[in-house]
Amino acid sequence: SESAFQQYLASREGARAVQIALVADVAIQYYRWRMTQVLKALTQQTLTSRQRSYRLVKARFGKGVANQIELSQSRSLVDAAAASLARYTRDEQTARNAMTVLIGQAIPADLPPGLPIERLAQVQPVPAGLPSTLLERRPDILAATNQLLAANANIGAARAAFFPTISLTGSFGRVSTSLDGVFSSGGTGWALAPAITTPIFAGGALQAGLEQAKASQREAVAVYEQSIQQAFREVADALAGEATLGAELAARESESAAAKRFLDLSQARFFRGVDSFLDVQVAEVQFFQARQQVVLVAFERLSNQVNLYKAIGGGWDNSAIKSKIESTASPDSTGLTSTSSSS
């Protein structure tokens, strides 16, 4: 009975693990959908800009100012942007379809416009001194604990089976209500037929059952240890990302700004006849790649924050740790907090 109860508790934690995983999956898929939207819009802007540059180069070519190589270079940039736009349009649609499957219905048409992906931040900053005891709330660790308790209960039951079971059967005569009554003066004509079940008649089955219970207990211990190790690894990986992805995003944004200045200068020098269009082509490619990296790193940062929420077991509760740490943050019960109504 105790083993079955612990198995039930383990299955209940399994259900909670599915719920937390679903919350995390929906959040990450939403960010992926937003990422494809931003990349699609960025590529559309890039295509429009390159088409405008191509028209100017073509006009210069018609006047004999630009040569055939510069015209071909400009055209190749337009074609490359058009190919990227087709790819990101496809990616945006597949991401939308995946989001629809996760939420089990069509995405509402009246959603508020999303913030720029580099400004999205759904998880409250991690407070300093976060205790490792929060990991005890993880569903996989709680389920492994219940499985271990169930295995221990099975060992107790297997050991108890070694005690003899004795049944006393009475035949013909009045049935006594108690064992003492069998030997009373009023109980006559009794024949006692004792039936005793002991391990010697079980053919080793009881010993094998005990060994099986012990093996299950050792397996439960191994699973429990592995769950703890996995929990600490996931939290460590997420915290490592939290500590570095912000700096990487800032560096990528600075790189993008520098690439934009390089592009503006290259275009100005080309149309003044100082540089060739090759410099413009290099600047165009660098700027587009830099903007792509900003979006990709922003998505990675958001996904890492959701993974941290999942690794800690569904966020954290400040009221449970306020005696151990000092924090001004106040996350909600899920650990996911919207920064604004439009996020």
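It should be noted that the structure appears before, not after, this text.
Chemist: Residue-level account of the overall build of the chain, with values.
Modeler: Scanning the chain from N- to C-terminus turns up seven helices and two strands. In the chain, which comprises 343 residues, the proportion classed as buried is 34%. Considering only contacts within the chain whose residues lie at least 6 apart along the sequence, 81% involve residues at least 24 apart. As displayed, the chain offers around 19,600 Å² of accessible surface, 57% of which is attributable to carbon and sulfur atoms.

Chemist: Can you break down helix α1 (residues 2-62) residue by residue, with the values?
Modeler: With 61 residues, α1 should cover 90 Å at 1.5 Å per step; its first-to-last C-alpha distance of 89 Å lies within 8% of that length. Where α1 ends, the next residue or the one after it, Gly64, has phi of about 80°, a positive value.

Chemist: Outline the packing of α1 against helix α6 (residues 277-311), supporting the account with residue identities and numerical values.
Modeler: Put simply, α1 and α6 touch, their axes get as near as 9 Å, and they point 170° apart. When the axis of α1 is compared with that of α6, the two are roughly antiparallel. The class makeup of the residues in the contact of α1 with α6 is 21 nonpolar, seven polar and five charged.

Chemist: Describe in detail the pattern of salt bridges, supporting the description with residues and values.
Modeler: Side chains carrying opposite charge are able to pair once their charged atoms draw close together. Using the criterion set out here, one finds nine salt bridges in the structure. With a shortest N-O distance of 3.0 Å, Glu255 and Arg252 are connected by a salt bridge. Of this pair, Glu255 and Arg252 both sit in helix α5 (residues 205-271), three residues apart, roughly one helical turn. According to the relative accessible area criterion, Glu255 is partly exposed, its value standing at 37%. Here Lys260 and Asp264 are joined by a salt bridge, their closest N and O atoms 2.8 Å apart. One end of the pair, Lys260, and the other, Asp264, are both in helix α5, four residues apart, so they sit about a helical turn from each other. For Lys260, a relative accessible area of 35% gives the class partly exposed. What emerges from the salt-bridge pattern is a single network uniting Arg138, Asp140 and Glu234.

Chemist: With reference to specific residues and values, describe the packing of aromatic side chains.
Modeler: With the rule as written, the count across this model stands at five aromatic pairs. Measuring from centroid to centroid gives 6.1 Å for Tyr30 and Trp33, while their planes differ by 70°, and the two rings are edge-to-face. Linking Tyr30 with Trp33, this pair stays in helix α1, spanning three residues, or about one helical turn. The residues Tyr30 and Trp33 share a single accessibility class, namely buried. Among the aromatic side chains, those forming a connected cluster through ring pairs are Tyr30, Tyr31 and Trp33.

Chemist: Go over the nonpolar core, please, and point to the residues and values.
Modeler: Tyr31, Met35, Ile117, Leu120, Val295, Phe299 and Val306 are the most contacted members of the largest nonpolar core, which totals 26 residues. Those elements that provide at least two residues to this core are α1, α2 (68-103) and α6. A total of ten residues in this core trace back to one element, the largest contributor, which is α1.

Chemist: Give me the lowdown on the packing of α1 against α2, citing residues and values where you can.
Modeler: In contact at an axis separation of 7 Å, α1 and α2 are set at 160° when each is read in the N-to-C sense. If you check the angle between α1 and α2, you find them roughly antiparallel. Judged by the sense of rotation from one axis to the other, the crossing of α1 with α2 is left-handed. Taken together, the residues of the contact of α1 with α2 sort by class into 22 nonpolar, eleven polar and ten charged.

Chemist: A description of the environment of Thr48 should follow, citing residues and the corresponding values.
Modeler: Tracing the chain through its elements places Thr48 in helix α1. With 30 residues separating them in the primary sequence, Thr48 and Val78 have C-alpha atoms 8.5 Å apart.

Chemist: Give me the environment of Leu47: which residues, what numbers.
Modeler: Looking at the secondary structure, you find Leu47 in helix α1. Separated by 32 residues in the primary sequence, Leu47 and Asp79 place their C-alpha atoms 8.5 Å from one another. Once you skip the residues sitting within four places of it in the chain, Leu47 turns out to touch Val78, Ala81, Ala82 and Leu85.

Chemist: Residue-level account of the environment of Ala151, with values.
Modeler: With respect to the secondary-structure elements, Ala151 resides in helix α3 (residues 139-160). Separated by 147 residues in the primary sequence, Ala151 and Ala4 place their C-alpha atoms 9.9 Å from one another. For Ala151, the contacting residues outside a window of four places in its chain are Ala213, Ser216, Gln217 and Ala220.

Chemist: Hey, could you go over α2 for me, with residue numbers and the actual values?
Modeler: Each α-helix turn comprises 3.6 residues. Residues three or four places apart therefore point the same way. For α2, spanning 36 residues, the distance from its first C-alpha to its last is 53 Å, which sits close to the expected 52 Å at 1.5 Å a residue. The N-cap of α2, judged by a side-chain oxygen 3.1 Å from the amide nitrogen of Ile69 a few residues on, is Asn67. Immediately beyond the C-terminal end of α2, within one or two residues, lies Gly104, with a positive phi of roughly 75°.

The rules behind each value
- Residues numbered from 1 in each chain as written.
- Predicted model: local features only at pLDDT ≥ 70, side-chain atom pairs only at ≥ 80, totals over all residues.
- Heavy atoms only, no water.
- Helix = DSSP H or I, 4+ residues; strand = E, 2+ residues; numbered from the N terminus.
- Buried < 20%, exposed > 50% of the residue type's maximum accessible area, 1.4 Å probe, protein only.
- Contact = heavy atoms within 4.5 Å.
- Areas by Shrake-Rupley, 256 points an atom, 1.4 Å probe, with all protein chains shown as cover.
- Expected span 1.5 Å × (residues − 1).
- Axes fitted to C-alpha atoms, helices over the stretch in contact; angles between N-to-C directions.
- Parallel < 35°, antiparallel > 145°, perpendicular 65-115°, else oblique.
- Nonpolar A, V, L, I, M, F, W, Y, C, P; charged D, E, K, R; others polar.
- Salt bridge = Lys/Arg side-chain N within 4 Å of Asp/Glu carboxyl O.
- Phe/Tyr/Trp six-rings, centres within 6.5 Å; stacked < 30°, edge-to-face > 60°.
- Core = buried A, V, L, I, M, F, W, Y, C linked by side-chain atoms within 4.5 Å.
- Left-handed = near helix turned anticlockwise from the far one by under 90°.
- Polar contact = N/O pair within 3.5 Å; in protein donor to acceptor, adjacent residues only side chain to side chain.

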